[in-house]
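# A look at the structure
Chain residues, written in single-letter form:
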Amino acid sequence: MKIQFYLRFHTQFGQSLSVSGNTEELGNDDPAMSLPMTYLNNEFWFVTLDIKKKELREPIRYNYILKNEEGQLVQEWSNDRTVTVPHKHTGELVLIDTWNHAGEYENVFFSSPFKQVLLKGEQTKQAVPKDKDYTHVFRVKAPLLRKHEIICLTGSAERLGQWSEEHTVLMGREEDWWCAKLDLSGENFPLAYKYGLYNTREKTFVQYENGNNRLLNSEAADKKVTLLHDGFVHLPNDTWKGSGVAIPVFSLRSKNSFGVGEFADIKLLVDWSVITGLKLIQLLPVNDTSSNFTWMDSYPYSAISAFALHPIYINLAKVAGKDQAALVNRYKTVQKELNALPAVDYEQVMNNKTEALQKLYEVMGADCLASEGFADFFANNKHWLEPYAAFSYLRDRYKTSAFETWATHSTYKKSDVSKLCSPKSPSYKQTGYYFFVQYQLHLQLKDAVDYAHKKGIVLKGDIPIGISRNSCDAWQAPEMYNMQWQAGAPPDDFAVAGQNWGFPTYNWAKMQEDGFSWWKQRFSQMSEYFDAFRIDHILGFFRIWSIPLHAVQGIMGRFVPCLPVHINEFGENGIWFDYQRYCRPFISDAVLTEIFGDDASAIKEQFLVENNFGGYDLQENFETQKQIEKHFEGLESDEQNDKRRLGLYDLVSNVLLFEEEGTQGQEFHFRISMERTSSFRYLDGGLQEKLKALCINYFFRRQDDFWFREAMQKLPKLKASTNMLVCGEDLGMVPHCVPEVMQQLGILSLEIQRMPKDPQKEFFHPNDAPYLSVITPSTHDMSTVRGWWEENRTRTRQFYNHVMGQWGEPPVYCESWINRAIIMQHLYSPAMWSIFQLQDLLGMSDTLRREKPQEERINDPANPKHYWQYRMHIPLEDLINESDFNEELRGYVENSGRDN
């Protein structure tokens, strides 16, 4: 049988197309082996394939691949076109397809949250019309149909009703496609046609799709069938809007929790969301961070496993059940005490829960691990569960998660892990404990997820950009990470010295060797619990802010990968290259007085040595920030020592350039915020301007195409591996190529009112949000609306006058009407999702808001040792009963069109 592939696609010079599929002729789904197509005209590319009918016993699944001039392969979105033999006598099959661009709005509505929850069951059932000897098959998608609406087909053919609205062809559903199988024998070609909307309850034609008529040239002929995949019906595609609430699990409060939010508490939040008309619950990462067993483990982005769930979120009573209720009842008093605290006492909660879980394991573990349910869980998660259990056992044994210091097993070996996790091993009692706890956590989170879905609520998770340096993942596959770097972020208004997260960066080249299998496993496991996810710091997929191990502050980092400046470029730009002046810390008497004041002499005596250039160098023992940090760790923390430590950090970072290692002084990177250093200020004006021009070129021009290619090597493959809705946290120093990549891939952006991406604007207005975006007035890394209102009087006045349109001086405090007005701005935004921190929603009420807004903040990015312990101040049970507030909020949601 002959199959002809026609793809409607307008290419540019240097581009080519191919077709890939699950047969040998189409390359067995290997893009590199796909079947090349031939340019036909400005509208079509085509290729003909001869195939034996017996090879079509199984459906052919196929899609198209675009090859750019640089050799980059771009695969179209989705993989749901299938071909079978229409009739026994079919000898020729003509496939006429439309390229499915990943950035098309409609594709979002075929992702998990919409297919499985939000739009599930809304499509009206209708049988597929099928003529006996059909010659043409029409397929098209239309996700946003109301109840009783279906797709119909009409056109300039007798079988299509001759454009009569009373005689349209009513199409039926085949999976995601609206379909009609029609006999167009004897009709005149080419014929024009259009799709439209039809109301089955009223039995009336509603409207035609937008745009020009579609044209069909493939005539009916003996033994020939034409199959059209027409993409999407041209109807409004930005009408669906939803709203949600964001809060970490640990911040939830119920009357039955144990001093911290638990997975079981999500159900109560679901109930409240249903009452108020919200559709989505956004959570922070829920992975295990148990590294030090102190409050420092409260940081949810420093997981010891990218897969394991955190034991702190377990509900002891649900584990115990009725049979072991007496065992956990012993903890009722301490549970009550911890639950009455205004914030999370991380250490006390963990100590008590761990103790109780170990007792429950003693009496329940054997039966649990022998159960059929656990066997299924173990089989699906063995690839991470065994290494995690072994890692946790060894961490406990050696009292540290720093695996390189362990006396045994410091290097991961799969065979050793299998032995440690074998039921026959003496260590199985300990490793089995971690199997038991993870299984119980899985059951409780899955129960909450299923409950949410039944109530029509979707859950959005969070994927951190990094993993802990002392994690199971780093132990298991250290080659996947650049252990010599620390990930972080450059300076911004929230952290003037930058951020140092301490994570190793990803070795993307190594990860790409096996097709990003670790990431795919991560997404697969996450999709068990979440419908959507936020990619923390999506900019890290373009380039990651990388800080050397000898540095403490993020300001000492640079972007990796990054195209350096060659030494010859300085001369070409009229700059005499001076290694000492540009690459070594610039330390003079004036600089010392500026930083240390009267303490300058003591600093010179203890930490510095004179050099041959009229200034000073740091002594050998204090040349790096890490050396300085270590020195001050042994001293009492007081105002003078803190000032000295930070001042010495400033001296180390008072450079203009970083040398690229291994280039023998030939390639360099500009230090971020170079123009703000005293080293820069002490240069003459002409040299400043020349350096500044080269610096701007380095950061904002030369890297863009390079970073675009970097992202396109990773993100398309990763996004294609999951059907979760993908949202990117694209904040900070955003390269010009980032919006283009996200739009191409249909990744939702994040828009924040007080963090405009346009440097010419002080505030971002919610009315300007793109449709494929999430808009919010604040995030967990920021103060809440009320807290921000009190931080900077000048900015507050600007916002009050120019964004809110109010005259005069703003109120000193963020009154409830102001909070409400800001929420309303976001609800009426054109963005697909408006998501609010719970604190900001409660800020609309004079009676429900917390007394002190400063206590509402979840994280301070400028403080690397921040204690993540915020908890909502009222129990969810009481919030559910606040009928006046809940009805008011629901009214706002419904009136803004976000109730759907």
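Residues numbered from 1 in each chain as written. Predicted model: local features only at pLDDT ≥ 70, side-chain atom pairs only at ≥ 80, totals over all residues. Heavy atoms only, no water.

## Comments concerning the overall build of the protein
Assigned secondary structure in the protein consists of 29 helices and 37 strands. For the protein, whose C-alpha radius of gyration is 31 Å, the value lies close to the compact-globule estimate of 29 Å for 900 residues. The C-alpha extent of the protein, read off along each of the three principal axes, is 100 × 80 × 70 Å. Across the 900 residues of the protein, 57% fall into the buried class. Pairs at least 24 apart in sequence give 73% of the contacts found in the protein among residues at least 6 apart. Measuring between centres, the 95 positive side-chain charges of the protein sit 5 Å from its 119 negative side-chain charges. (Helix = DSSP H or I, 4+ residues; strand = E, 2+ residues; numbered from the N terminus. Rg over C-alpha atoms; globule rule 2.2 N^0.38 Å. Buried < 20%, exposed > 50% of the residue type's maximum accessible area, 1.4 Å probe, protein only. Contact = heavy atoms within 4.5 Å. Lys, Arg positive; Asp, Glu negative; His and termini not counted. Charge placed at Lys NZ, Arg CZ, Asp CG, Glu CD.)

## What to know about helix α19 (residues 639-652)
The terminal C-alpha atoms of α19, which comprises 14 residues, lie 20 Å apart, in line with the 20 Å expected from a rise of 1.5 Å per residue. Among all positions of α19, only Asn 641, Arg 644, Gly 647, Leu 648, Tyr 649, Leu 651 and Val 652 are buried. On the buried face of α19, the contacting elements are α16 (589-596), α17 (600-607), β30 (608-610), β31 (616-618) and α18 (625-633). Taking the backbone nitrogen of Gln 640 as reference, a side-chain oxygen 3.3 Å away marks Asp 638 as the first, capping residue of α19. (Expected span 1.5 Å × (residues − 1). Polar contact = N/O pair within 3.5 Å; in protein donor to acceptor, adjacent residues only side chain to side chain.)

## Points about the packing of helix α3 (residues 266-276) against helix α29 (residues 883-895)
Following both chains from N to C, one finds α3 and α29 inclined at 60°, their axes separated by 8 Å at the closest point. As summarised for this structure, α3 and α29 are arranged oblique, according to the angle between their axes. Contacts from Trp 272, Val 274, Ile 275 and Thr 276 in α3 reach Phe 885, Asn 886, Leu 889, Arg 890 and Val 893 in α29. Looking at the contact of α3 with α29, its residues break down into six nonpolar, two polar and one charged. (Axes fitted to C-alpha atoms, helices over the stretch in contact; angles between N-to-C directions. Parallel < 35°, antiparallel > 145°, perpendicular 65-115°, else oblique. Nonpolar A, V, L, I, M, F, W, Y, C, P; charged D, E, K, R; others polar.)

## Structural notes on empty space enclosed by the protein
On inspection of all chains with the given rule, the structure shows five cavities of 30 Å³ or more. Counted as a void, the largest cavity has a volume near 130 Å³. As for the largest cavity, its lining consists of 15 residues, of which Asn 287, Ala 306, Gln 525, Met 526 and Phe 530 are closest to the centre. Mapped by element, the contributors of at least two residues to the lining of the largest cavity are β21 (458-463) and α13 (517-526). Classifying every residue of the lining of the largest cavity by side-chain character gives 11 nonpolar, two polar and two charged. Looking at the second largest cavity, its volume works out to about 100 Å³. Lining the second largest cavity are 15 residues, and of these Phe 250, Asp 297, Ser 298, Tyr 313 and Tyr 346 lie nearest its centre. Its residues assigned to classes, the lining of the second largest cavity comprises 10 nonpolar, four polar and one charged. (1 Å grid on protein atoms, 1.4 Å probe; cavity = no way out; pocket = protein on both sides within 12 Å on 5 of 7 lines; lining within 4 Å. Points joined across faces, edges and corners; volume = space filled by probe spheres on them.)

## What about the packing of helix α22 (residues 704-720) against helix α23 (residues 737-745)?
Relative orientation of the contacting elements α22 and α23 amounts to 25°, with a least axis distance of 10 Å. The orientation of α22 relative to α23 falls into the category roughly parallel. Both α22 and α23 take part in a crossing whose hand is right-handed. Taken together, the residues of α23 that come into contact with α22 (itself represented by Asp 704, Trp 707, Phe 708, Ala 711, Met 712, Leu 715, Pro 716 and Lys 719) are Cys 737, Glu 740, Val 741, Gln 744 and Leu 745. Here the contact of α22 with α23 is built from residues that sort into nine nonpolar, one polar and three charged. (Left-handed = near helix turned anticlockwise from the far one by under 90°.)

## Things to note about the environment of Glu 661
On the secondary structure map, Glu 661 appears in the loop between β32 (657-659) and β33 (667-670). Glu 661 sits in the exposed class, given a relative accessible area of 73%.

## Some words on the nonpolar core
For soluble globular proteins, nonpolar side chains are generally found buried alongside one another. Among the nonpolar cores identified, the biggest contains 189 residues, and Ile 266, Trp 272, Trp 475, Trp 519, Phe 570, Phe 670 and Leu 691 are the most heavily contacted of them. Residue contributions to this core peak at 12 residues, all from helix α10 (residues 428-454). Excluding residues that lie within four positions of it along the chain, Phe 670 makes contacts with Val 565, Phe 570, Leu 656, Leu 657, Leu 691, Leu 694, Cys 695, Tyr 698 and Phe 699. In terms of nonpolar packing, the next biggest core, distinct from the first, is built from 30 residues, Ala 180, Leu 184, Tyr 195 and Leu 216 among them. (Core = buried A, V, L, I, M, F, W, Y, C linked by side-chain atoms within 4.5 Å.)

## Description of unusual backbone geometry
The linkage connecting Phe 189 with the following residue, Pro 190, adopts the cis geometry, with an omega of 0°. Along the chain, Pro 190 falls in the loop between β14 (177-182) and β15 (191-199). In this model, Val 560 is joined to Pro 561 through a cis peptide bond whose omega is 0°. Tracing the backbone through its elements, the reader meets Pro 561 in the loop between β28 (558-560) and β29 (565-566). With a phi close to 55°, Ser 673 is a non-glycine residue in the positive phi region. As for its position among the elements, Ser 673 is in the loop between β33 and α20 (678-681). The class for Ser 673 is buried, based on a relative accessible area of 16%.

## Quick word on α29
With 13 residues, α29 extends 18 Å from end C-alpha to end C-alpha; this agrees with the ideal 18 Å at 1.5 Å per step. Considered for burial, the residues of α29 that qualify are Phe 885, Asn 886, Leu 889, Gly 891, Tyr 892 and Val 893. Among the structural elements, β19 (242-246), α3, α26 (816-827), α27 (838-842) and α28 (876-880) are those in contact with the buried residues of α29. Of the residues one or two after α29, Gly 897 is the one with positive phi, at around 85°.

## Notes on the environment of Ala 720
Summarising the element assignment, Ala 720 is placed in helix α22. Given the relative accessible area of 52%, Ala 720 is considered exposed. On a C-alpha basis, the gap between Ala 720 and Tyr 867 in space is 36 Å, while along the polypeptide they are 147 residues apart.

## So, the sheet that holds strand β37 (residues 833-837)
Strand order in the open sheet formed by eight strands is β34-β26-β21-β20-β19-β37-β36-β35, and the pairing between neighbours is parallel. One side of each edge strand has no neighbouring strand; the edge strands of this open sheet are β34 (725-728) and β35 (749-752). Neighbouring strand axes in the sheet, compared pairwise and without regard to direction, differ in orientation by 25° on average. (Pairing = 2+ DSSP bridges.)

## Section: the sheet that holds β32
Strand order in the open sheet made by the three strands is β29-β33-β32, with antiparallel pairing throughout. Each of the sheet's edge strands pairs with one partner strand only, and the pair in question is β29 and β32. Pairing analysis gives three bridges linking β32 to β33, with the strands arranged antiparallel. Across the sheet, the residue bridging to Leu 657 is Phe 670, located in β33.

## Considerations on the packing of aromatic side chains
Summed over the entire model, instances satisfying the criterion amount to 76 aromatic pairs. Pairing Tyr 361 with Phe 436 gives two aromatic rings, centres 5.5 Å apart and planes at 45°, and the pair type is tilted. With a gap of 75 residues between them, Tyr 361 in helix α7 (residues 346-369) and Phe 436 in helix α10 connect regions that are remote in the sequence. A relative accessible area of 10% means that Tyr 361 is categorised as buried. The class for Phe 436 is buried, based on a relative accessible area of 0%. (Phe/Tyr/Trp six-rings, centres within 6.5 Å; stacked < 30°, edge-to-face > 60°.)

## Some points on the pairing of strand β5 (residues 44-50)
Sheet topology places strand β1 (residues 2-8) next to β5; seven bridges connect them, and they run antiparallel. Bridge pairing in β5 places Gln 4 opposite Thr 48. In this structure, strand β4 (residues 38-39) lies alongside β5, joined through two bridges in antiparallel fashion. For Tyr 39, the partnering residue across the bridge sits in β5 and is Trp 45. Taken together, β4 and the strand that follows it, β5, pair antiparallel across an intervening segment of four residues.

## Quick word on the pattern of salt bridges
Taken as a whole, this structure holds 43 salt bridges when the rule is applied. Residues Asp 29 and Arg 61 are paired through a salt bridge, measuring 3.4 Å at the closest nitrogen-oxygen approach. With Asp 29 in the loop between β2 (16-21) and β3 (35-36) and Arg 61 in strand β6 (residues 60-67), this pair connects stretches of sequence that are 32 residues apart. Owing to a relative accessible area of 35%, Asp 29 belongs among the partly exposed residues under this scheme. For Arg 61, a relative accessible area of 26% gives the class partly exposed. In this structure, Arg 850 and Glu 855 form a salt bridge, with 3.3 Å as the shortest nitrogen-oxygen distance. Shared partners join several salt bridges into a network, and the residues in it are Asp 462, Arg 534, Asp 536 and Glu 729. (Salt bridge = Lys/Arg side-chain N within 4 Å of Asp/Glu carboxyl O.)

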